[in-house]
Amino acid sequence: MSSDDDIRADFLIEAGELVQALGGQLVELESRPQDQDLLNAIFRAFHTVKGGAGFLELHPLVELCHAAEDVFNALRAGKRTVDAALMDAVLQALDGVQAMMQAVADGAPLAPADPALLDTLRSLLAPPAKPRPARKPRKSRAKAEAPPAAAADTISEDEFEALLDQLHGAGKAPVAPVSASPPAAEAQAASVSAAAPAPAPTPTPTARPPVSASTAAENGKPPAETTVRVDTARLDALMNLVGELVLVRNRLKDLRAREADPAQFARPVAELDFITRGLQNAVMQVRMQPIGKVFARFPKIARDVARGLGKQVEVELQGEDTDLDKNLVEALADPLVHMVRNSVDHGIEMPDERVRRGKPPAGRLTLSAQQQGDSIAITVRDDGGGIDAERVRAKAVDKGLLDPVEAAQLSVEECLQLVFLPGFSTKEQVSDLSGRGVGMDVVMSRIKSLGGSVYIESQPGAGSTVRIRVPLTLAILSALMVSANGRRYALPLAPVLDVFALEPGAAETLDHWDVVLTRRDTLRLVWLDPWLCRAEDDGRRHVVVAQVGDERYGFVVGEVRGREEIVIKPLGPSLRGTPGVSSATVLPDGRVALILDFAGLVDAWKRRIARPRELVHG
């Protein structure tokens with residue numbers, strides 16, 4: 001059973017990658033219906049999944065893939081053209097394949113394929129009706145009534161051997177010839193010839209010499225795989241070890257600073273620092289995956305939502321090769337799904353309305369990603385109707401989510417951020433997609449739990465943009481170490497723009513905010529010591545300037561101690577959900593320091609300044 005489980009796991013990985021790519025390929029096919037390379041790739045994907053499913057005796061999956069495969073074989077042969085009915089059917093087939101593979105992964109029995117869907121797929125094989133020519137006398141009744149050739153049910157020995165090589169490793173699995181029934185032999189040969197070379201006689205098993213990349217290229221074969229799959233648990237264990245090594249490195253550096261003769265520590269600490277950084281970067285690269293693994297599903301999701309609403313949408317992906325931590329790739333999937341669905345449902349207008357506004361009937365949705373220092377910036381932009389900030393303000397008050405006086409003081413930019421409040425929705429009618437007051441608040445809470453931030457921009461009539469920023473990795477963080485109230489804290493370094501000393505009496509009050517004048521503008525201040533409910537003993541203060549969304553804020557601390565690479569540790573249950581606190585780390589002396597969240601600190605301070613001033617500084 002262990003061998004069967006391994007084969008099943010390999011099948012789910014290999015087939016899962018093919019199925020994941022199919023969503024984007026099928027959507028591309030609508031705009032490039034004559035692209036033979038694309039048609040061949042889709043055909044091969046269904047064909048390969050069908051072969052693996054047949055080996056594992058997953059008969060419902062075989063039947064569904066076979067029906068879809070036949071459709072694309074007809075498209076490749078020019079017997080059928082791409083139209084809306086065909087695309088709806090094959091996308092529905094892809095949904096069925098994904099559901100069946102999920103059932104296989106869960107160990108659940110497979111339900112039979114939807115008979116109506118199978119009938120629809122088979123009906124697509126019939127060529128468009130043409131006028132019939134005048135009937136000619138039949139030459140032979142027996143010939144006229146000859147049974148039609150059977151359909152692509154079997155595969156050749158070469159295909160079967162290649163499949164087993166993928167599942168077991170080359171040369172490790174026995175190969176059994178697969179024969180076709182006599183009536184189907186002729187049709188099988190014609191079908192297989194379109195996908196694979198003619199089968200060769202099975203050679204006598206011999207020891208196979210290693211094949212180099214150059215030899216493989218000369219023989220017309222692709223070079224051997226240069227990547228390897230690693231169990232996630234092993235990667236996580238390795239990452240934890242690197243984290244502990246970083247802590248030891250930090251402790252040694254701390255000892256060196258305290259030692260009377262620090263010179264004796266200089267060389268070994270420098271070597272340890274060099275090795276640790278190299279190991280840290282190497283492990284992080286192993287964990288990295290392209291965000292394209294998430295992006296690939298969105299063209300199909302957007303199309304499905306748009307067709308259900310009677311809308312048209314084109315999806316553009318940018319920066320799919322941007323790498324980030326594999327845990328982030330998985331964690332970002334749900335928030336991005338919410339935003340894509342929201343953009344199509346709330347943002348993109350109906351085709352006739354877009355035409356009246358001088359826009360093309362099809363809306364445009366763009367997803368982009370790029371690395372910015374230690375962070376990844378993700379943008380979801382649509383060219384729809386945009387968001388009316390005044391309507392958002394009124395809705396928030398109407399739903400009791402905001403006090404009218406407080407709402408009146410919000411700027412246009414601040415009003416737009418209200419869409420992230422739990423229970424907020426501007427949708428007048430509840431549908432399967434939206435209007436229930438859930439969605440964007442889930443996005444905000446999920447991104448914040450990843451140590452990131454979300455900010456929305458919009459202009460009525462011109463569309464909306466949601467900007468997400470998340471750390472490059474969830475394991476190790478470049479941080480600015482500061483102190484407040486005698487305790488040390490870590491601030492994420494990526495958003496930090498500047499640090500300067502705050503002179504006594506330099507702060508002024510403006511619109512309930514303490515502000516300080518800088519060379520660029522008026523900087524609003526967030527005081528960490530009152531926020532932590534105790535004033536500093538001495539008058540020394542420093543200001544850490546950081547970017548939060550599109551605004552710059554100054555975070556007032558007691559002392560700035562310098563930059564450190566810290567290991568991120570999750571918060572315990574008692575601190576989880578504390579405003580302004582994202583996680584924790586272990587200091588070189590063994591004490592625990594909290595990692596603060598800039599956006600959370602701003603939100604907490606906004607609520608605090610709404611109270612009487614004596615409570616703030618009391």
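Residues numbered from 1 in each chain as written. Predicted model: local features only at pLDDT ≥ 70, side-chain atom pairs only at ≥ 80, totals over all residues. Heavy atoms only, no water.

Novice: Would you take a moment to explain the environment of Ser 343 for this structure?
Specialist: Structurally, Ser 343 can be placed in helix 15 (residues 333-347). Taking the C-alpha atoms as reference points, Ser 343 and Ser 464, 121 residues apart in sequence, are found 8.1 Å from one another. Not counting residues within four places of it along the chain, the set of residues in contact with Ser 343 comprises Ile 348, Leu 365, Val 380 and Asp 382. (Helix = DSSP H or I, 4+ residues; strand = E, 2+ residues; numbered from the N terminus. Contact = heavy atoms within 4.5 Å.)

Novice: Would you mind going over unusual backbone geometry with me for this structure?
Specialist: Keep in mind that most residues, glycine aside, have a negative phi and that most peptide bonds are trans. For Glu 57, which is not a glycine, the phi torsion comes out positive at approximately 60°. Here Glu 57 shows up in the loop between helix 2 (36-55) and helix 3 (59-76). For Glu 57, a relative accessible area of 58% puts it in the exposed group. (Buried < 20%, exposed > 50% of the residue type's maximum accessible area, 1.4 Å probe, protein only.)

Novice: So what exactly am I meant to see when it comes to helix 22 (residues 598-609) here?
Specialist: An α-helix turns once per 3.6 residues; consequently, residues spaced three or four apart project the same way. Between its first and last C-alpha atoms helix 22 spans 16 Å; for 12 residues at 1.5 Å apiece the expected length is 16 Å, and the two agree. Burial analysis of helix 22 places nine of its 12 residues in the buried class, the great majority of the element. Of all the residues in helix 22, the buried ones are Phe 598, Ala 599, Gly 600, Leu 601, Val 602, Ala 604, Trp 605, Arg 608 and Ile 609. (Expected span 1.5 Å × (residues − 1).)

Novice: What am I meant to see in the sheet that holds strand 18 (residues 592-596) here?
Specialist: In a beta sheet, neighbouring strands are held together by backbone hydrogen bonds and run either parallel or antiparallel to one another. If you walk across this open sheet you meet the five strands as 16-8-9-18-17, and the pairing is mixed. Sheet topology places strand 16 (559-567) and strand 17 (581-586) at the edges, where each strand pairs with a single neighbour. The average undirected angle you get between the axes of adjacent strands in this sheet is 35°. Bridging between strand 17 and strand 18 involves five bridges; their strand directions are antiparallel. Looking across to strand 18, one finds that Thr 585 is bridged to Ala 593. Contacts from helix 10 (residues 232-258) reach strand 8 (476-484), strand 16 and strand 17 within the one sheet, and its direction differs from that of strand 16 by about 145°. (Pairing = 2+ DSSP bridges. Axes fitted to C-alpha atoms, helices over the stretch in contact; angles between N-to-C directions.)

Novice: Teacher, can you tell me more about the sheet that holds strand 11 (residues 508-510) here?
Specialist: If you walk across this open sheet you meet the six strands as 10-14-15-13-12-11, and the pairing is mixed. The open sheet terminates on both sides in strands that have one partner only, identified here as strand 10 (496-501) and strand 11. Going from strand to strand, the sheet's axes swing by 40° on average, the running direction of each strand aside. Bridge count for strand 13 (residues 522-527) against strand 15 (residues 551-557) is four bridges, and the pairing is parallel.

Novice: Help me understand the confidence of the model for the chain, please; the structure alone is not making it clear to me.
Specialist: Detailed reading of predicted coordinates is not advised where the pLDDT is low. In this model, the chain carries an average pLDDT of 76, and 76% of its residues clear a pLDDT of 70 or more. Below a pLDDT of 50 lies the segment residues 169-225, which in the model reaches 50 contacts outside its immediate sequence neighbourhood of four places, other chains included. Across residues 429-438, where pLDDT falls below 50, the model places 20 contacts with residues more than four positions away in sequence or in other chains. (pLDDT = per-residue confidence, 0-100.)

Novice: Looking at this structure, how should I read the pairing of strand 14 (residues 542-548)?
Specialist: As a general feature of sheets, a regular strand has side chains that alternate between the two faces. Most of strand 14 sits out of view: five of its seven residues are buried. The pairing of strand 10 with strand 14 spans five bridges and is antiparallel. In the sheet register, Val 499 faces strand 14, and the bridge partner there is Val 544. In this structure, strand 14 lies alongside strand 15, joined through seven bridges in antiparallel fashion. The residue of strand 15 that forms the bridge with Ala 546 is Tyr 553. What sits between strand 14 and strand 15 in their antiparallel hairpin is a turn of two residues, with Gly 549 showing a positive phi close to 65°.

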